[in-house]
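Notes for the structure review
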Number of protein chains: 2
Amino acid sequence: MRTLLIVSHPDIIESYSQQYFLNGIKDFSNITVHHLENLYPDWNIDVRKEQELLREHDRIIFQFPFYWYSSPPLLKHWQDVVLEEGVTHGPRGGILEGKEFGLVLMIGVSEKEYRAGGNEQFTISELTKPFQAMAGKTGMHYLPPFEIYQFVYTEDDRKMDILIPYWQMLTMENNDSLATRENWLMDLLEDVINTSEGTDEQNILEYAKNIIEENQSEIEDLKIVLNQMYHR
Amino acid sequence: MRTLLIVSHPDIIESYSQQYFLNGIKDFSNITVHHLENLYPDWNIDVRKEQELLREHDRIIFQFPFYWYSSPPLLKHWQDVVLEEGVTHGPRGGILEGKEFGLVLMIGVSEKEYRAGGNEQFTISELTKPFQAMAGKTGMHYLPPFEIYQFVYTEDDRKMDILIPYWQMLTMENNDSLATRENWLMDLLEDVINTSEGTDEQNILEYAKNIIEENQSEIEDLKIVLNQMYHR
């Protein structure tokens with residue numbers, strides 16, 4: 001699976017959270033990071049090139065700061081010019097049909113404000129309807145969004161924990177089962193082991209991988225026993 | 001009541017519907033038409049001037065084509081830079097507190113598609129949550145939106161009918177009672193009579209105004225009779 005991460009931020013260099021997350025995925029070969037403000041400082045979007053990129057990827061992600069409950073202006077402009085009836089979508093389908101779509105939102109206030117009675121009054125699910133409608137119109141499957149609340153105030157040891165679900169949002173099959181998460185982790189470990197050849201780290205990771213493999217076969221054995229007992 | 005009509009359209013000259021509606025209000029002295037793309041072709045928004053304009057008006061309207069379920073990029077940019085915590089809004093209130101806010105949406109598909117099962121899947125009320133949240137956050141009262149569906153396909157004699165509720169959206173007190181509508185109409189007639197001095201039109205309009213005044217006093221009389229009967 002290849003993921004196109006379309007990032008929009010008017011001032012990304014100054015954004016600590018954007019830098020943190022983009023830095024956290026620089027070793028992933030199956031993610032294409034596509035920062036609109038960097039690529040198109042003059043707003044002259046290359047529509048054919050963007051449509052080609054969409055065609056080449058299976059999962060499309062919009063990552064942006066959630067100012068005034070919506071995307072930055074350049075991402076809206078991207079939607080207005082790149083999403084073209086007859087190409088990306090249309091009554092007879094287009095290049096986006098069947099792909100997955102998701103949002104990664106950097107949010108400046110705390111999660112509890114996004115509900116009736118909270119300062120923001122509405123939930124993220126309510127406020128992102130325009131993106132859900134876009135996914136529907138273009139035939140894409142809408143993934144649960146990944147919401148990052150007040151990242152700058154997050155303690156350092158908690159920050160690392162947020163990276164794992166972020167990686168999963170970008171690269172893991174959309175299925176939260178133990179088997180899916182385990183397979184995803186095994187692939188990730190494999191990658192890391194290959195790039196850390198000859199180091200102590202490699203031994204530790206190999207060891208962790210073996211333990212997980214042992215666990216997996218034990219689970220398989222237990223399932224067989226359980227199945228036999230059930231059919232006795 | 002003074003109304004600030006903030007219009008955003010990337011290509012307004014080419015838009016028949018925008019031209020039609022803007023032309024229809026050019027005689028209203030209590031509406032300030034403020035077309036962002038014209039005023040700020042370089043996107044260099046004068047934040048203080050915009051905030052001053054907001055301060056001077058009682059009703060703030062955003063008028064734009066509803067592409068991808070949201071506003072054009074420049075209007076989003078306007079929100080991002082003009083709506084400033086501590087000035088326009090904030091925990092202790094700001095200049096927008098107590099004003100009215102509304103949307104005028106030009107929509108390219110038919111009304112029936114905006115519902116579960118329709119092509120657009122969601123209602124306009126669902127899709128405009130970000131604007132409702134903005135009104136809430138800034139302490140403005142959210143008016144029912146004025147939605148114009150497929151205006152180019154509307155027959156000519158129907159087009160005029162759409163102008164009246166548009167005028168009301170921009171200038172009438174937010175109250176649909178007969179008395180409110182009648183008072184609004186009388187003010188409007190007064191204005192038109194003053195500007196048509198010496199023409200045949202003036203006589204006709206004066207006559208219409210007298211008839212309405214007679215109706216009004218008849219209604220008042222009937223109410224008094226009814227009241228007396230009730231208390232007998």
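The rules behind each value
- Residues numbered from 1 in each chain as written.
- Chains lettered and ligands numbered in written order.
- Predicted model: local features only at pLDDT ≥ 70, side-chain atom pairs only at ≥ 80, totals over all residues.
- Heavy atoms only, no water.
- Least-squares fit on C-alpha atoms with pLDDT ≥ 70 in both.
- Contact = heavy atoms within 4.5 Å.
- Phe/Tyr/Trp six-rings, centres within 6.5 Å; stacked < 30°, edge-to-face > 60°.
- Helix = DSSP H or I, 4+ residues; strand = E, 2+ residues; numbered from the N terminus.
- Buried < 20%, exposed > 50% of the residue type's maximum accessible area, 1.4 Å probe, protein only.
- Lys NZ or Arg CZ within 6 Å of the ring centre and 35° of its normal.
- Arc of directions from axis to C-beta.
- Pairing = 2+ DSSP bridges.
- Right-handed = clockwise from strand over helix to strand, strands pointing away.
- Axes fitted to C-alpha atoms, helices over the stretch in contact; angles between N-to-C directions.
- Parallel < 35°, antiparallel > 145°, perpendicular 65-115°, else oblique.
- Nonpolar A, V, L, I, M, F, W, Y, C, P; charged D, E, K, R; others polar.
- UniProt positions renumbered as here; feature names shortened; annotations may be inferred.
- 1 Å grid on protein atoms, 1.4 Å probe; cavity = no way out; pocket = protein on both sides within 12 Å on 5 of 7 lines; lining within 4 Å.
- Points joined across faces, edges and corners; volume = space filled by probe spheres on them.
- Salt bridge = Lys/Arg side-chain N within 4 Å of Asp/Glu carboxyl O.
- Patch = residues over 30% accessible without salt bridge, like charges linked within 9 Å, V, L, I, M, F, W, Y side chains within 5 Å.
- Areas by Shrake-Rupley, 256 points an atom, 1.4 Å probe, with all protein chains shown as cover.
- Lys, Arg positive; Asp, Glu negative; His and termini not counted.
- Charge placed at Lys NZ, Arg CZ, Asp CG, Glu CD.
- Domains from an automatic or database assignment.
- Buried area = accessible area lost by both parts, 1.4 Å probe.
- Polar contact = N/O pair within 3.5 Å; in protein donor to acceptor, adjacent residues only side chain to side chain.

The next thing to look at is the relation of the copies chain A and chain B. Copy one and copy two of the chain differ by a rotation about an axis and a translation along that axis. Each copy superposes on the other: chain A lies on chain B with an RMSD of 0.1 Å after a rotation of 180 degrees and an axial shift of 0.0 Å. In short, the pair behaves as if placed about a two-fold rotation axis. Considering only C-alpha atoms, the part of chain A nearest the rotation axis is Pro73(A), at 2.1 Å. Mapped onto chain B, 100% of the interface residues of chain A are again interface residues, and the two copies thus contact each other with one and the same surface.

Turning our eyes to something else, we now look at the packing of aromatic side chains. Residue and element names in this part refer to chain A. Per the stated rule, a full pass over the model turns up 33 aromatic pairs over all chains. Centre to centre, the rings of Phe 64 and Phe 131 are 5.6 Å apart; their planes meet at 35 degrees, and the pair counts as tilted. In this pair, Phe 64 is assigned in strand 3 (residues 59-65) and Phe 131 in helix 6 (residues 129-137), connecting sequence segments 67 residues apart. The exposure classification of Phe 64 matches that of Phe 131, with both residues buried. Of the aromatic side chains, those joined through ring pairs into one cluster are Tyr 16, Tyr 20, Phe 21, Phe 146, Phe 151 and Tyr 166. Taking NZ or CZ as reference, Lys 159 lies 5.5 Å from the ring centre of Phe 151, over its face.

Below, the discussion takes up helix 3 (residues 47-56) of chain B. Residues and elements named next belong to chain B. Listed as buried for helix 3 are Glu 50, Gln 51, Leu 53 and Leu 54. The buried side chains of helix 3 occupy one side of the element, clustering within an arc of 155 degrees when seen end-on. Contacts from the buried residues of helix 3 go to strand 1 (3-7), strand 2 (31-35), helix 2 (36-39), strand 3 (59-65) and helix 4 (73-82).

Let's shift gears to the pairing of strand 3 of chain A. Residues and elements named next belong to chain A. Counting buried positions over the seven residues of strand 3 gives seven, a clear majority of the element. Side-chain alternation along strand 3 places Arg 59, Ile 61, Gln 63 and Pro 65 on one buried face and Ile 60, Phe 62 and Phe 64 on a second face that is also buried. The pairing of strand 1 (residues 3-7) with strand 3 spans five bridges and is parallel. Pairing of Leu 4 across the sheet is with Ile 60, part of strand 3. Relative to strand 4 (residues 100-107), strand 3 runs parallel, the two sharing seven bridges. Opposite Pro 65, over in strand 4, you have Met 106 as the bridge partner. Between the parallel pair strand 3 and strand 4, the chain is carried across by helix 4 (residues 73-82), and the sense of this crossover is right-handed.

Residue and element names in this part refer to chain A. Between helix 3 (residues 47-56) and helix 4, the least distance of the axes is 10 Å, while the angle of their chain directions is 90 degrees. The angle between helix 3 and helix 4 falls in the class roughly perpendicular. Between helix 3, through Val 47, Glu 50, Gln 51 and Leu 54, and helix 4, the contact on the second element is made entirely by Trp 78, Val 81 and Val 82. Residue classes in the contact of helix 3 with helix 4 are distributed as five nonpolar, one polar and one charged.

In this structure's numbering, the residues bearing the UniProt feature "domain: Flavodoxin-like fold" (unreviewed entry) are residues 1-158 of chain A. As annotated, residues 1-158 of chain A has a helix share of 30% and a strand share of 20%, and its two end C-alpha atoms lie 28 Å apart.

Evaluation of the coordinates by the stated rule reveals two cavities of 30 Å³ or more. Within this model, the largest cavity holds a volume of roughly 140 Å³. As for the largest cavity, its lining consists of 17 residues, and the residues nearest its centre are Tyr69(A), Ser70(A), Ser71(A), Ser70(B) and Ser71(B). Elements supplying a minimum of two residues to the lining of the largest cavity: helix 4 and helix 6 of chain A together with helix 4 and helix 6 (129-137) of chain B. Of the residues belonging to the lining of the largest cavity, the class tally is nine nonpolar, six polar and two charged. One number sums up the size of the second largest cavity: a volume of about 40 Å³. The wall of the second largest cavity is formed by Leu54(A), Ile60(A), Phe62(A), Trp78(A), Leu83(A), Leu96(A), Phe101(A), Met134(A), Thr138(A) and Met140(A). Residues that form the lining of the second largest cavity fall into these classes: nine nonpolar, one polar and no charged.

Another aspect to go through is the interface of chain A and chain B. On the side of chain B, 26 residues touch chain A, which itself brings 26 residues to the contact. Applying the counting criterion to the chain A and chain B interface returns two salt bridges. Listing elements by their share of the side of chain A that touches chain B, those giving two or more residues are helix 4, helix 5 (124-127) and helix 6 of chain A. Split by residue class, the side of chain A that touches chain B holds twelve nonpolar, eight polar and six charged.

Residues and elements named next belong to chain A. A cluster of acidic side chains, namely Glu 214, Glu 218, Glu 220 and Asp 221, defines a negative patch on the protein surface. Structurally, Glu 214 is set in helix 9 (residues 200-230). A relative accessible area of 53% places Glu 214 in the exposed class.

Glancing now at the domain arrangement of chain A. All names here are of chain A. When its domains are assigned, chain A resolves into domain 1 (3-174) and domain 2 (175-232). One C-alpha centre belongs to domain 1, the other to domain 2; they are set 31 Å apart. If you look at the interface, domain 1 gives eight residues, while domain 2 gives six residues. For the pairing of domain 1 and domain 2, the buried interface totals around 630 Å² over both sides, and the portion due to carbon and sulfur atoms is 68%. Area buried by domain 1 at its contact with domain 2 is led by Gln 168, Met 172 and Glu 173, which between them contribute 58% of it. Seen at the junction of domain 1 and domain 2, the total is two residue pairs in polar contact (both at pLDDT 80 or more). Of the residues contributing to the side of domain 1 that touches domain 2, the split by class is four nonpolar, three polar and one charged.

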